[in-house]
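Analysis of the macromolecular model
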Amino acid sequence: MTQVDTAPTGQHDSDAEGAGPGSRRADIRRAIRVAFRPELWKRGPVLTALALLLGLLMLLHAKIPNRIWNLGSLAETVLPWFGLFVPLLLAGALWRRSAAAVAALLLPVTVWLNLFGGLLGDKSHPGSDLTVASHNVGAENPDPVGTARDLAASGADVLALEEITQQAKPVYEKGLAKAYPYHTVQGTVGLWSKLPLSDTRPVDTEMDYGPLGDTKPLAVKMTYNRALRTTVTTDQGPLAVYVAHLGSARVNPREGFSTDSRDRGARALGKAVADERNERVVLLGDLNGTMDDRAFADITSQLRSAQVAAGDGFGFTWPAKFPMVRIDQILVRGVTPESSWSLPPTGSDHLPVAAGISW
């Protein structure tokens, strides 16, 4: 016998619609039960521990000691790159279906965003009173003529160069003369300016250290002097400008992260800035370190980074072909950074950097 459906028209449609919210609630309840299964929280203990360790390393990076191979400074130099471990650990946590590891990743994500989230947006503002730029032109630069030409076309009002060799010095002086009527070179660093310069002098960054260094005459030391101080006369008043190229940092198996010369220079430079009587100061140069590194505390306690205050992104500058760290800096005091950016690559292994500042 054929069974006749005697339900009123629309009854089945009504039942189907009514089942929708109930079905969704059931799905949610099932998902909650699955999420809180004990086995999901027991999986991946190694991944969970690694996620927590990553977060703690970033959170407590200042506590990592420098006594062994300068590990604290090394970690702080590459600190932004610690964030790359987050997606790797997340992929492992999802593959292992470890709820504990996923939850533990909240710590490194929160810490990284607190440290570097502010660098992800564009903080620049249009317009400025003065444009400053800096470039380590590279002792091995195969095209100093082209480098000088590109820098002259940059539009910077004040241009600092580092790692100027005796052979390349006349090339830069000739190539920049038309755009910059004022300039000074002190050893391997120099400053070119559209505005008058005065009160120029070398700054001792203690490249020569100990009794042997004390015996060298000034004329010898000046051939490899790596910092200077001068005054730029602007319509808004005098601006003290420092140009510096601090000692190199090296990683080797015996000493780890070797930074002795650089760190001495950073302390000496910090003292020079502390003794500076002009309220308005700009420091330009290759400092061979990032401003997250504790070695620069004497400098960063007095000056702020134009890139952090008014840049777009991290502004990495070295190596030029694939920049991974920002070791070329523009730091200021008493003026307002309006913008900060990197210039196109030249023949150097560093990218040039520039910033617009206002009074």
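See above for the structure.
These figures come from a predicted structure and were not determined experimentally.

**Observations regarding the sheet that holds strand E11 (residues 304-305)**
Within the open sheet, the 6 strands sit side by side as E5-E6-E7-E10-E12-E11. Their pairing is mixed. Among the strands making up the open sheet, the edge pair consists of strand E5 (197-202) and E11. Of the pairings in the sheet, the one linking strand E7 (residues 237-245) to strand E10 (residues 281-286) comprises 6 bridges and is parallel in character. Paired with alanine 240 across the two strands is valine 281, which belongs to E10. Where helix H12 (residues 260-275) meets the sheet, its contacts fall on E7, E10 and strand E12 (328-333), and the angle it forms with E7 comes to roughly 175 degrees.

**A closer look at the sheet that holds strand E4 (residues 189-193)**
Across the sheet, which stays open at both edges, the 6 strands sit in the order E3-E4-E2-E1-E14-E13 with mixed pairing between neighbours. Of all the strands in the sheet, the pair left with one neighbour each is strand E3 (182-186) and strand E13 (336-342). Each adjacent strand pair in this sheet contributes to an overall mean axis angle of 15 degrees, direction not counted. Sheet analysis places strand E1 (residues 130-136) next to strand E2 (residues 158-162), joined by 5 bridges and oriented parallel. Among the inter-strand pairings, alanine 133 is bridged to a residue of E2, identified as leucine 159.

**A look at the environment of phenylalanine 257**
You can see phenylalanine 257 is positioned in strand E9 (residues 256-258). By relative accessible area, phenylalanine 257 is classed as buried at 8%. Put simply, phenylalanine 257 and leucine 71 are 186 residues apart on the chain and 6.9 Å apart in space, counted from C-alpha to C-alpha. Among all residues touching phenylalanine 257, those that are not within four sequence positions of it are Trp69, Asn70, Ser73, Leu74, Thr77, Ala249, Arg250, Val251, Arg262 and Asp293.

**A word on a nonpolar patch on the surface**
Taken together, the side chains of Val46, Leu50, Leu53 and Leu57 present a nonpolar region at the surface, about 340 Å² in accessible area. Relative to the helices and strands, leucine 53 resides in helix H3 (residues 45-59). With relative accessibility at 46%, the residue leucine 53 sits in the partly exposed group.

**Thoughts on unusual backbone geometry**
Omega for the peptide link from tryptophan 318 to proline 319 comes to -10 degrees, which places this bond in the cis form. Position of proline 319 among the secondary structure elements: in the loop between helix H14 (306-310) and E12. Unlike most non-glycine residues, glutamate 163 shows phi in positive territory, near 65 degrees. Looking at where glutamate 163 falls in the secondary structure, it is placed in the loop between E2 and helix H9 (169-176).

**A look at the nonpolar core**
Counting residues in each nonpolar core, the largest one holds 20 residues, and the members touching the most others are Val132, Leu191, Leu239, Val282, Leu284, Ile330 and Ile357. At the level of secondary structure, the elements contributing two or more residues to this core comprise E1, E2, E4, strand E6 (227-234), E7, E10, E12 and strand E14 (353-358). Beyond its immediate sequence surroundings of up to four residues, isoleucine 357 is in contact with Ser128, Asp129, Leu130, Val132, Leu239, Val282, Val332, Val335, Thr336, Pro337 and Glu338. The next biggest cluster of nonpolar side chains, apart from the first, holds 18 residues, and it includes Ile64, Val86, Ala101 and Trp112.

**Digging into the pairing of E14**
Judged by how many residues are buried, E14 sits mostly within the fold: 6 of 6 residues are covered. Alternating positions in E14 separate into two faces, Val353, Ala355 and Ile357 on one and Ala354, Gly356 and Ser358 on the other, with burial throughout. Bridge count for E1 against E14 is 5 bridges, and the pairing is antiparallel. Following the sheet pairing, serine 134 is matched in E14 by valine 353. Summarising the sheet, E13 and E14 pair through 6 bridges and their orientation is antiparallel. Of the residues in E14, the one forming a bridge with serine 340 is alanine 355.

**Here we look at the pattern of salt bridges**
Two side chains bearing opposite charge may form a pair once their charged atoms approach each other closely. Following the criterion strictly, the structure yields 7 salt bridges and no others. A salt bridge links arginine 262 to aspartate 263; its shortest N-O distance comes to 3.0 Å. Aspartate 263 shares its class with arginine 262; the two are buried. Among the ionic pairs, arginine 262 bridges to aspartate 293, the shortest N-O distance being 2.8 Å. Here aspartate 293 lies in the loop between E10 and helix H13 (297-300) and arginine 262 lies in helix H12, a separation of 31 residues in the sequence. Taking the relative accessible area as the measure of exposure, arginine 262 reaches 0% and is therefore buried. A cluster of three or more residues bridged by salt bridges with shared partners is formed by Asp199, Arg201, Arg229 and Glu276.

Rules of the game
- Residues numbered from 1 in each chain as written.
- Predicted model: local features only at pLDDT ≥ 70, side-chain atom pairs only at ≥ 80, totals over all residues.
- Heavy atoms only, no water.
- Pairing = 2+ DSSP bridges.
- Helix = DSSP H or I, 4+ residues; strand = E, 2+ residues; numbered from the N terminus.
- Contact = heavy atoms within 4.5 Å.
- Axes fitted to C-alpha atoms, helices over the stretch in contact; angles between N-to-C directions.
- Buried < 20%, exposed > 50% of the residue type's maximum accessible area, 1.4 Å probe, protein only.
- Patch = residues over 30% accessible without salt bridge, like charges linked within 9 Å, V, L, I, M, F, W, Y side chains within 5 Å.
- Areas by Shrake-Rupley, 256 points an atom, 1.4 Å probe, with all protein chains shown as cover.
- Salt bridge = Lys/Arg side-chain N within 4 Å of Asp/Glu carboxyl O.
- Core = buried A, V, L, I, M, F, W, Y, C linked by side-chain atoms within 4.5 Å.

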